[in-house]
Amino acid sequence: MRTARCTSYGPPGGIEIAETDDLTPGPGEVLVEVHAAAVNYPDVLVAADRYQISAPLPFTPGSEFAGVVAARGAGVSGPPEGTAVAGAVFTGAFAEQVVAPVAALRPIPDGLDMVHAAAFHVTYQTAYHALVTVGGATAGEWAAVLGAAGGVGSAAVDVATRLGVRVVAAASSKERLDVALGLGAERGIDYTKEELKVRVRELTGGGGAHLVIDPVGGDHAEAAFRALCRGGRFVTVGYADGRIPRIPLNLVLLKNATVRGFEARMMREEAPEAVAAAQRALAAMVRDGMRPLVSRVHPLSEVASALTAVAERRTTGKVVLDMTRT
Ligand SMILES: NC(=O)c1ccc[n+]([C@@H]2O[C@H](COP(=O)([O-])OP(=O)(O)OC[C@H]3O[C@@H](n4cnc5c(N)ncnc54)[C@H](OP(=O)(O)O)[C@@H]3O)[C@@H](O)[C@H]2O)c1
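### Notes on the domain arrangement of the protein chain
Assigned domains within the protein chain: domain 1 (2-120 + 292-322) and domain 2 (122-261). The straight-line distance from the C-alpha centre of domain 1 to that of domain 2 is 29 Å. Counting from both sides, the interface comprises 13 residues of domain 1 and, opposite them, 14 residues of domain 2. Both sides of the domain 1 and domain 2 interface together cover about 1000 Å² of buried area, and 55% of this is carbon and sulfur. Applying the counting rule to domain 1 against domain 2 returns zero salt bridges. For the interface between domain 1 and domain 2, the tally reads five residue pairs in polar contact (both at pLDDT 80 or more). Split into classes, the residues belonging to the side of domain 1 that touches domain 2 amount to five nonpolar, four polar and four charged.

As structure tokens, then:
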């Protein structure tokens, strides 16, 4: 089978394509013939060995995939071969085959094709939990979403809008703001040109945002925190900027604010009811026509340039590798 291969840590431009033996599922595992795999920002970090966990070399990058069950390991009673599934692993998805624990697989919501199914889970689950499970968003509130044209950001704008939450989108150019406005954001702020704190307050009628969703970090985090209303909630989701922000605790005190983190990896073990509730809510939104914003689809042979574009902040929404294309 064809697979992407990281043989050294570094920028994604160094990822190669290799031919390897077909995979065999072990006990409790399922072999999936991958049809599509989505690029997530952490894939860039894992390739550079800058993620929280290291992947031992050599490895196949890629975490999020959609495909068809091709074989089951010992002790696995379902899903049957031929079933369309989506799933997430730490590494291994940027290949024609992936082996995953059966617990890492889930059915594809009705209405999603393989490309959109691959692009759906990580960002939409993250967005939903950041907004609802952790952020406590309710209809009529204002949410400021940073990096609003990116994977998590665009999903957060999409889900928030569908929940009746009013969105102020923040991004680094007019073109990127247009993407967020197209997904339902009411207002946009170019945080490379405008002062985030001042503009969020102005655009929300003076009171400030009830909620901030921050997948970016860096200097924007404190500016966004200062734009919260009294009693507001700040949800830290990621640090695409590369710098982890340090917000003075006296600001938290003075605003009676809440700072919460969201981390997807442990959700299934720690909060299975919340995961099930999110899946039900998101499946209903898909039935109503919600689709992840897929801006680029590449064949596997272009994996290096696809990840480089994400690393260099040149993409909007999701980038997907289509294994059925050559
Ligand atoms: N906590 C969790 O469970 C969880 C789950 C998924 C992802 N994440 C994290 O969330 C973050 C965003 O992920 P994503 O999939 O949304 O990534 P993405 O699609 O690449 O979007 C990130 C956005 O951040 C902004 N940005 C600002 N400075 C940047 C820089 N120096 N390099 C790249 N982007 C920069 C960009 O928007 P502008 O150019 O408009 O500023 C970009 O659209 C990552 O740190 C990821 O690890 C966390």
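### Section: the packing of helix α3 (residues 121-134) against helix α4 (residues 151-162)
In a packed pair of helices, the relevant descriptors are the angle between the two axes and the axis-to-axis distance. Their axes nearest at 8 Å, the elements α3 and α4 cross at an angle of 60°. Our classification of the angle between α3 and α4 gives oblique. At the point where α3 passes α4, the crossing takes the right-handed sense. Along the contact surface, α3 presents Thr-123, Tyr-124, Thr-126, Ala-127, Tyr-128 and Leu-131, while α4 presents Gly-151, Val-152, Ala-155, Ala-156, Asp-158, Val-159 and Ala-160. Tallied by class, residues from the contact of α3 with α4 come to nine nonpolar, three polar and one charged.

Procedures and definitions
- Residues numbered from 1 in each chain as written.
- Predicted model: local features only at pLDDT ≥ 70, side-chain atom pairs only at ≥ 80, totals over all residues.
- Heavy atoms only, no water.
- Domains from an automatic or database assignment.
- Contact = heavy atoms within 4.5 Å.
- Buried area = accessible area lost by both parts, 1.4 Å probe.
- Salt bridge = Lys/Arg side-chain N within 4 Å of Asp/Glu carboxyl O.
- Polar contact = N/O pair within 3.5 Å; in protein donor to acceptor, adjacent residues only side chain to side chain.
- Nonpolar A, V, L, I, M, F, W, Y, C, P; charged D, E, K, R; others polar.
- Axes fitted to C-alpha atoms, helices over the stretch in contact; angles between N-to-C directions.
- Helix = DSSP H or I, 4+ residues; strand = E, 2+ residues; numbered from the N terminus.
- Parallel < 35°, antiparallel > 145°, perpendicular 65-115°, else oblique.
- Left-handed = near helix turned anticlockwise from the far one by under 90°.

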